[in-house]
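Chain and residue survey
Chain by chain, the residues run as shown.
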Amino acid sequence: GEGPVRRPRCEEAENYRHAGNRLYKLGEFVEAARLYSEGLASDPHDHRLWCCRAACRASLRDWPKCWGDAQHATQLEPEYVKGWQLLAKALWKDEMPVM
C-alpha cells in the first residue's frame, strides 16, 4: 500500500509548536502549553501539538489533562508511540483504571 495520506501542515500551528518547544526546553511548561493550545486552535488535527501539550501537563503533574491530550493524540495518529507512552504514564500516575 501507499500508506496513510498526510495532510499539509498548517504553518501557523507549526510556528506555535516550534515556539512551544523552545519554552518547553526552558522548563516554561505553563507558557509552552498555552502556545500549543494556540496551535491547536489553528490546527486541531495535529497529533504532535496534542502530544506536546500532554508532555507539558505531565511535567506539571496534571495527569487527567495529560491523559486527555495524549488520548486525543493517539486517536488522531494511532501509530504515534510518544502519545501512547504519555497516555500510559498518565494512567499509571493518576492510578486510573485501564479500560
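Placed above this text is the structure.
The paragraphs below set out a description of the structure included in this document. (Residues numbered from 1 in each chain as written. Predicted model: local features only at pLDDT ≥ 70, side-chain atom pairs only at ≥ 80, totals over all residues. Heavy atoms only, no water.)

The subject of this paragraph is the pattern of salt bridges. Scanning all chains against the criterion turns up 6 salt bridges. R17 is paired through a salt bridge with E14; the nearest N and O atoms lie 3.4 Å apart. Here E14 and R17 lie together in helix α1 (residues 11–25), a separation of 3 residues that amounts to about one turn. The same class applies to R17 and to E14, which are both buried. Between D46 and R48 there is a salt bridge; the shortest N-O distance is 3.1 Å. Each member of the pair D46 and R48 is classed as buried. Each of the salt bridges in this network shares a partner with another, and the network as a whole consists of E14, R17, D46 and R48. (Salt bridge = Lys/Arg side-chain N within 4 Å of Asp/Glu carboxyl O. Helix = DSSP H or I, 4+ residues; strand = E, 2+ residues; numbered from the N terminus. Buried < 20%, exposed > 50% of the residue type's maximum accessible area, 1.4 Å probe, protein only.)

Before going further, it helps to spend a moment on the environment of R17. Given the relative accessible area of 12%, R17 is considered buried. Separated by 22 residues in the primary sequence, R17 and G39 have C-alpha atoms spaced 6.4 Å apart. When residues no more than four places from it in sequence are discounted, the contact partners of R17 are Y36, R48, L49 and C52. (Contact = heavy atoms within 4.5 Å.)

Checked against the element boundaries, Q85 lands in helix α5 (residues 81–93). Here the alpha-carbon distance between Q85 and T74, two residues 11 residues apart in the chain, equals 9.9 Å.

With that settled, consider the packing of helix α2 (residues 29–42) against helix α3 (residues 47–59). α3 packs onto α2 with a crossing angle of 160° between their chain directions and a minimal axis gap of 9 Å. Judged on the interaxial angle alone, α3 and α2 are roughly antiparallel. The two elements α2 and α3 cross, and the hand of that crossing is left-handed. Residues F29, A32, A33, Y36, S37, G39 and L40 of α2 form the contact with α3, whose participating residues are L49, W50, C52, R53, C56 and S59. Residue composition of the contact of α2 with α3, grouped by class: 9 nonpolar, 3 polar and 1 charged. (Axes fitted to C-alpha atoms, helices over the stretch in contact; angles between N-to-C directions. Parallel < 35°, antiparallel > 145°, perpendicular 65-115°, else oblique. Left-handed = near helix turned anticlockwise from the far one by under 90°. Nonpolar A, V, L, I, M, F, W, Y, C, P; charged D, E, K, R; others polar.)

This next bit is on the nonpolar core. Within the largest apolar cluster, 22 residues are counted, with the highest numbers of intra-cluster contacts made by Y36, C66 and L86. When contributions to this core are tallied by element, the ones reaching two or more residues are α2, α3, α4 (63–76) and α5. Broken down by element, the residue count for this core peaks at 8 residues, all from α3. Those residues in contact with C66 that sit more than four places away from it in its chain are A54, R57, A58, L86 and A90. (Core = buried A, V, L, I, M, F, W, Y, C linked by side-chain atoms within 4.5 Å.)

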